[in-house]
Amino acid sequence: MSSTASLQQQKLAMRKVCIRYNQDPNKNHFNQLLAHILSTPSRIKIEPPVWIERGETLSIGENFYANTGLTLLDSGGVTIGANVLIGPHVQILTNNHPLNAEERRSGIEIYKSVSIGDDVWIGAGVIICPGVTIGERAVVAAGAVVTKNVAQDTLVAGNPAKLIKQL
């Protein structure tokens, strides 16, 4: 099986799990969702709806909370530390496309990993772009668009996100 076919199968399997989880009023499919994305889930809470692209390329630390509407396009790999809080309607993106129109038409995707350190708080409506690292104990204010790395112990806000202050 080609790597493209394998990738498509992973995406389809995760899509089915997310749909079941999001439609289950009793959240009986939560453990199945976690089994797809974590080897040893511990104190993980993800409010529906959630959309995770693959799951196999996602690592989440313990004591994690994500509010409703989380979107994780994780084909490039997403690592999230322990004690991370994520507000509603956050997008974490590792997928990108070439700037050149001809290359884009060919369907090429570019993947760059995202890393989020321990004890990070990400506010509502934040977009984290491919290739970004967010340092430990950082706070990303609501509505920020994070296009560059965020240092530990800082508050960033805005579009694009800029340093507001050291914490």
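Below is a short write-up of the structure. (Residues numbered from 1 in each chain as written. Predicted model: local features only at pLDDT ≥ 70, side-chain atom pairs only at ≥ 80, totals over all residues. Heavy atoms only, no water.)

Describing the overall build of the chain
To be explicit about the condition: Each helix is a run of DSSP H or I of at least 4 residues and each strand a run of E of at least 2, with the numbering of both proceeding from the N terminus. Relative accessible area decides the class of each residue, using a 1.4 Å probe on protein chains only: under 20% of the type maximum gives buried, over 50% gives exposed, and in between gives partly exposed. Contacts are assigned to residue pairs that have any heavy atoms within 4.5 Å of one another.
A tally of regular secondary structure across the chain gives three helices and 18 strands. Burial analysis of the chain (167 residues in total) assigns 41% to the buried set. Residue pairs at least 24 apart in sequence account for 24% of intrachain contacts in the chain once pairs closer than 6 positions are excluded.

What about the sheet that holds strand β14 (residues 133–134)?
Note the cut-off: When DSSP finds two or more bridges between two strands, those strands count as paired.
Pairing is parallel across the open sheet formed by four strands, whose spatial order is β3-β6-β11-β14. Every other strand in the sheet has two partners, leaving β3 (58–60) and β14 as the edge strands with one partner each. As judged from the two bridges shared by strand β11 (residues 114–116) and β14, these two strands associate in the parallel manner. Across the sheet, the residue bridging to S115 is T133, located in β14.

Quick word on the side chain of E53
Assignment of secondary structure puts E53 in the loop between β2 (50–52) and β3. Judged by its relative accessible area of 10%, E53 falls in the buried class. Each residue touching E53, except ones within four places of it in the same chain, is listed here: Q10, K11, M14, L72, L73, D74, S75 and N95.

Side note on the pattern of salt bridges
Filter applied, for reference: By definition here, a salt bridge exists when the distance from a side-chain nitrogen of Lys or Arg to a carboxyl oxygen of Asp or Glu is within 4 Å.
Inspection of every chain in the model, using the stated rule, returns five salt bridges. In this structure, E136 and R137 form a salt bridge, with 3.1 Å as the shortest nitrogen-oxygen distance. Among the residues examined, E136 registers a relative accessible area of 32% and is labelled partly exposed. Among the ionic pairs, R137 bridges to D153, the shortest N-O distance being 2.7 Å.

Here we look at the environment of R54
Rule in force here: Counting of polar contacts relies on pairs of N or O atoms within 3.5 Å, with two restrictions inside protein: one atom must be capable of donating a hydrogen and the other of accepting it, and residues adjacent in sequence are counted only when both atoms are side-chain atoms.
Summarising the element assignment, R54 is placed in the loop between β2 and β3. The exposure class of R54 is buried, given its relative accessible area of 14%. Once the C-alpha coordinates of R54 and M14 are considered, the two residues, 40 residues apart in sequence, prove to be 5.6 Å apart. Excluding residues that lie within four positions of it along the chain, R54 makes contacts with L7, Q10, K11, M14, D74 and S75. Among the polar contacts made by the side chain of R54, one reaches the side chain of Q10 at a distance of 2.4 Å.

Considering the pairing of strand β5 (residues 70–73)
Covered by surrounding structure in β5 are L70 and L72 only, the residues T71 and L73 on the alternate face being uncovered. Here three bridges tie β2 to β5, and the two strands are oriented parallel to one another. Looking across to β5, one finds that W51 is bridged to T71. Summarising the sheet, β5 and strand β8 (residues 91–93) pair through three bridges and their orientation is parallel.

Some thoughts on the pairing of strand β17 (residues 154–157)
Along any regular strand the residues' side chains alternate between the sheet's two faces. The pairing of strand β15 (residues 139–140) with β17 spans two bridges and is parallel. Within β17, the residue paired with V140 across the bridge is V156. Two strands pair when backbone bridges link them, and β17 and strand β18 (residues 162–166) are joined in this way by four bridges, in the antiparallel orientation. Bridged to L155 within β18 is K165. In textbook terms, the turn of a hairpin is the stretch between consecutive antiparallel strands, and for β17 and β18 this stretch comprises four residues, one of which, G158, has a positive phi near 100°.

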